[in-house]
Structure formats: C-alpha cells, structure tokens
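Each chain is listed here by its residues.
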Amino acid sequence: MFAQFTRFARWCLLLLLCIPVLAGLVGVAFPALGYFPAIGANTFSFDIFKTLFSLDDIWQMVWLSLFTGVGSTLLAIAGAFLLLASFYQSNWLNKIQGLLSPFLVFPHAAAAIALLFVFSPSGIFARIAAVGTNFAIPGAGDAFFPYDAFFPYDSGGLSVLLALSLKELPFIILMALSVMSQPLVKSKLSGYIKVGTALGYSPVATFFKLLMPTVFTQIRLPILAVLVFATSNVEIPLILGGNNPSTLAVAIMHWFNHIDLSMRLLASSAAVLQVAVSGLALLLLLGVERIVIYAGRKRLSKGNRRFFDRLVQCAAYSTVALYVALIGAVVYSVLMYSIAKQWLYPDLLPQGTTLLHWRIALETLATPLSNSLLLGILVSTSALGLVLFTLESEQLKPAGVNADRAFSVSLFLPLLVPGVAFLYGLVWFQQLVLQDAVWFHTYIAHMVYVVPYVFLSMAVAYRKFDIRYAKVAQSLGKTPWQVFYHIKLPSLFSAIMVAWALGLAISFSQYLPTLLASGGTIATITTEAVASVSGSSTRLTAVFVIIQAIMPLVGFVIAWYLPAALVKTGSKVRTSEKKSRAVLHGA
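Residues numbered from 1 in each chain as written. Predicted model: local features only at pLDDT ≥ 70, side-chain atom pairs only at ≥ 80, totals over all residues. Heavy atoms only, no water.

Draft legend 1. Expanded view of the overall build of the protein chain. Helix and strand content of the protein chain: 25 helices and 2 strands. Rg of the C-alpha trace for the protein chain: 26 Å, near the compact-globule value of 25 Å for 587 residues, within the 12% margin. Looking at the 587 residues of the protein chain, the share that counts as buried comes to 50%. Contacts in the protein chain between residues far apart in sequence, at least 24 positions, make up 79% of those at least 6 positions apart. Accessible surface computed for the protein chain: about 27,600 Å², of which carbon and sulfur atoms make up 67%. (Helix = DSSP H or I, 4+ residues; strand = E, 2+ residues; numbered from the N terminus. Rg over C-alpha atoms; globule rule 2.2 N^0.38 Å. Buried < 20%, exposed > 50% of the residue type's maximum accessible area, 1.4 Å probe, protein only. Contact = heavy atoms within 4.5 Å. Areas by Shrake-Rupley, 256 points an atom, 1.4 Å probe, with all protein chains shown as cover.)

If you want it as structure tokens, here you go:
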C-alpha cells in the first residue's frame, strides 16, 4: 500500500511539473498566432510576428537577452571552476561555500537592489573613491569620469551581466559539490587525484584535466537551466537594466501588463520569440562546450603538468575577495540607509539616524509579510513531502534507464522553459479553470519552481543513505512505511530541514509567478520590494531589502539549529530516564 502511494506521489510530481508548463506554452502560442477571443480575434495568422519583427529595437532586445544570459553563465561557470580548482583539496572550500551561501538564498530582486546601493554613481564604492581621490563621481558631480555609463541602466547590459553572474556562481558551485560528494563519484574522483599526483600533475592541472570533465558532465543540465533563467530573467534587468531598449523578457512583461488588451497578442509572439532566444543560447553554450573539449584534448595530449596555476589561483583569490568586499559593502550600505535621516553624497556616514522607516515598513508590510510566510510554508512543506515520497519510490521500485532520463528532463522542464514564456499562458489557462481560486493558482505557480530545487537539494542526501539500515529493519519484520517513518526520516532530518529552508527561500523570492498568478491581488515582500525601487524612498527600500534577506536566513537558522537542539533534548531525556530507572532499582 505504501509503495503504491509513493508511485502515486511520483506521478503527481511529474504532472505538477509538466502540465502547467505545457498548458502555459499552449496558452501563449494561440494568442501569438492571432487567436484571442476575448478581444474578438478568432482567426489564426502570422501577422503578429510581422508586427513584432518590424519594431525598431526588437533585435537589440534579442541581443541584450543573449549577451547578458550567455555572458553571465559563462562568467559564472569560469568563476565556479576556478574556485573549485584552487580549493578542492583544502579546508578553504567549506569556508568559501559558507561565504557564498547568502548569495544563493538571497532573492534576485533583493540582490539587484543591494547592488544598486553599492555600485550606483552615489553608492558606497563611489563614495569611497570620492573621499580617497577628492573628486565626485558623475551622477552627483563631474562628467569626466564615466562611472554612470556602466552601472546601472547601461545600454550594453554589463550591469545585468555582472548581477546575474554573481547570483549564478554560488548555485553552480553547490551543484558541483553535491555531485562531488556522491559516494561513487567521490571514489572515482579520488582515484583521479591519486593518478594525477603520481604522474606529477599540479592540483590545478589535475582538476581541469581529470576531474572537471566528470563533474561538468554531471551538472550540465543544471547549468542549462541557469542559462535559460539568465536569458529570460525579469527582476534583475527590470531593476538594473536599461529601458530603451530593455531585454526581451522585460518588454514582454510590459506588453502583457499594458492597458490595451491587444498588446497581449504582441506579448505572446514575443514570448514565443523568447523561447527561440533561450534555445539559441543553449546551442551557443553547447557550441562553446565543444570548442573547450576540443582545445582541452589538444592540450591534454601535450602532457603539460601545469595549467596556468598562478593565473588560476590569482583569479580564484580575486573572486573570493570580490565577494567579501561585496558582502561587506552591501551590509554596510543597506543598514546605513535603513536608519539614515539623511545621507548626502559623498559622505561615508549618514547625517543622523532614525527608526522612522522601519516603523513605516513594518506597518505597511504586515499583510505582504503574512502572505509571504503563508505561501512559503505551505509550498515548501508540501513540496518536501512530495519529493520525499518520490525519492522513496525510486528505492522501493526503481524505474528503468529511459524512464529515469525522462523524469530528469521533466524535473528541469520548468527551469529549461523561460518562465516569461509559459507563465502568461498558464494565467490564461487558470482563468478558464477555477477562475476565482487566486490562492490556489499562486500556490501552483510557486510549486512549479520550488519542487525542482527541493528535489535537487534532497536527492543527494537521500541517495547517500546507507540502505543496510533499511534491510536490517525489514529483516526484523518492519513494513516499508515503518522503515521510512522510523528510520529514514530521523536519520535524514538535518537534510530534510535544509531542503525545507531552501524551498522557503525560493518561494520568498518569486516575483513574476506571484504577480501574474494572483493578478497583483496577493502582495508579498518581493513584489513590494520591486515596486518600491521606482516609487519609494531609498531608505524605505533598504528596509525592504533587509526584511527580504532576513526571511530566508531565519529558515536556514531553523534548519541548522533545530536538529541539533532536538538531539540534545533527546539525549537529556534519555539521561533522565536512566537516572530514574537507577533510583527505582535502588529503592
């Protein structure tokens, strides 16, 4: 009975990931072809695409999407593997992982706003430069130093590329470390390290020539998902990118939200074009991969025992220094802005402090905060339960090789299809089914994005569980449910809590799914923070960023300390029981 239930959960997970995406794509394809009965468009044609391609700046939008997406992904991949090559055999790797963890759980909107505080022409770096060199940075002064031409709102998309790469790098490292920690892969890599050392290769050369091909093959799918996300992201280009032109995804959002409903036809055709752009980006990345493989084989055949060791280590240390400087600058800037009465450029300290902005924010954010918590807890908990039963079904009745590959593709389907493409179609589909169930639609939109990340986080620990414990329990007459509930769940409680906290963080960070699925009727911390960038004071926006950062952090604090507290409490209870039995025995 329990085995059948787990298989049912597996099918539910597959349907949850596939149906919204496929329904969303259908819901976008019809209006893109001119079929939109709500405005009297009842015939199919390609005239909408002709109108789209006749726009003056459409190809600039496509270029910006490709440049920022592909460029940021390549930069993040390079940075991640430089760090791994330099520190994979040292204790520094765990410290670096801890350093980058805040960027991993930091919502994209909050990260973009925080970088705005740091890199803008009146940000903390410009203030330090102005104080150190006694001149003012443009945007607040002289025009001979082109600082504001780069960050933010630059027409070339460099600020968006930088922000995306800073957010993507920690995720790629997490995926690589999760692969490298798997027992079979770990033993294989250990053998490669011994062979490389015996042949006289340096640690850096050993990583790039022996370890990297194995690791990259295992994380290719997550990297492709990162690329699709980067080419179709809305929050970061909306906050940091230029508006004339913007990236294609931002333009799609504006056209869909236009008061003129006929603009939805143009937006739908642009959404289809976004799918093509993301597909082209995937082909470009795979082409770069082929070039790197070809060049790597040529270099491998030469037998060099080193691989630009000093350059790699210098780049790795520079990357770590950049993240340390960014974290310090972001924390200082956001905290100072949140309590500043007034902070004039180029002063490094505000003119007086006040808690007025905190009081205003806490009064206005009561409803968005409760909505975020309710959605996050509900989505993360249900996603975790679905994932646990699905992983258990793998062990009770393993699927075939082809079925397992199909499941892996389905798992990444919401991440491999641009969200800006299928979410609008999903909203159209939801308006046909259960039109008034706004919370349910928002819940489903969040689940589509939360489930894949929870699965990736939980799968490594679950598959590493020593199956001998389960076999011993089954030999003693325990049912599969009893083994699952009494043995596996307690043993994996720490990993379960981390996956739950990650689900919370992903749910808290959802901007476009919340905005579209709810029609703007469900306000969350993220939607309010993005809205505050253009319509609120800088100091109030800083408070929003702090609250956005604290919320996922609280989830991870609970995940880190609750298991230890329960273990400590359990040991105290067992000690007191032993003492009670000893007293009774003595009496």
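From this point, the discussion proceeds with the structure in view.
Draft legend 2. Structural view of a nonpolar patch on the surface. A contiguous nonpolar patch, built from Phe 429, Leu 432, Val 433, Leu 434 and Phe 440 and spanning about 480 Å² of accessible area, is present on the exposed surface. Here Leu 434 lies in the loop between helix H18 (419-432) and helix H19 (438-464). Overall, Leu 434 belongs to the exposed group, its relative accessible area being 53%. (Patch = residues over 30% accessible without salt bridge, like charges linked within 9 Å, V, L, I, M, F, W, Y side chains within 5 Å. Salt bridge = Lys/Arg side-chain N within 4 Å of Asp/Glu carboxyl O.)

Draft legend 3. Quick look at the packing of aromatic side chains. One pass over the full model with this rule turns up 24 aromatic pairs. Centre to centre, the rings of Phe 30 and Tyr 35 are 6.0 Å apart; their planes meet at 90 degrees, and the pair counts as edge-to-face. Among the residues examined, Phe 30 registers a relative accessible area of 32% and is labelled partly exposed. The exposure class of Tyr 35 is partly exposed, given its relative accessible area of 27%. Of the aromatic side chains, those joined through ring pairs into one cluster are Phe 2, Phe 5, Phe 389, Trp 481, Phe 484 and Tyr 485. A cation sits over an aromatic face here: Arg 127 above Trp 343, 4.5 Å from the ring centre. (Phe/Tyr/Trp six-rings, centres within 6.5 Å; stacked < 30°, edge-to-face > 60°. Lys NZ or Arg CZ within 6 Å of the ring centre and 35° of its normal.)

Draft legend 4. Up close: the pattern of salt bridges. Inspection of every chain in the model, using the stated rule, returns 2 salt bridges. Ionic pairing is found between Arg 220 and Glu 289, a salt bridge with its closest N-O pair at 2.7 Å. Here Arg 220 is found in helix H10 (residues 220-232), whereas its partner Glu 289 is found in helix H13 (residues 263-302), with 69 residues between them in sequence. Its salt-bridge partner being Glu 392, residue Lys 488 comes within 2.9 Å of it at the nearest N-O pair. A residue pair is termed long-range when its members are at least 10 positions apart, and Lys 488 in helix H21 (residues 480-491) and Glu 392 in helix H16 (residues 366-396) qualify at 96 residues. Note on accessibility: Lys 488 and Glu 392 belong to one class, buried.

Draft legend 5. Looking closely at the packing of H16 against H19. Two elements in contact, H16 and H19, have axes whose closest approach is 7 Å; the angle formed by their N-to-C orientations is 45 degrees. In terms of axis orientation, H16 runs oblique to H19. Relative to H19, H16 is oriented so that their crossing is right-handed. (Axes fitted to C-alpha atoms, helices over the stretch in contact; angles between N-to-C directions. Parallel < 35°, antiparallel > 145°, perpendicular 65-115°, else oblique. Left-handed = near helix turned anticlockwise from the far one by under 90°.)

Draft legend 6. Highlighting the nonpolar core. Grouped together as the largest cluster of nonpolar side chains are 175 residues, with contacts concentrated most on Phe 81 and Met 458. In contact with Met 458, not counting residues within four places along its chain, are Leu 384, Val 387, Leu 388, Leu 391, Leu 492, Ala 495, Ile 496 and Ala 499. (Core = buried A, V, L, I, M, F, W, Y, C linked by side-chain atoms within 4.5 Å.)

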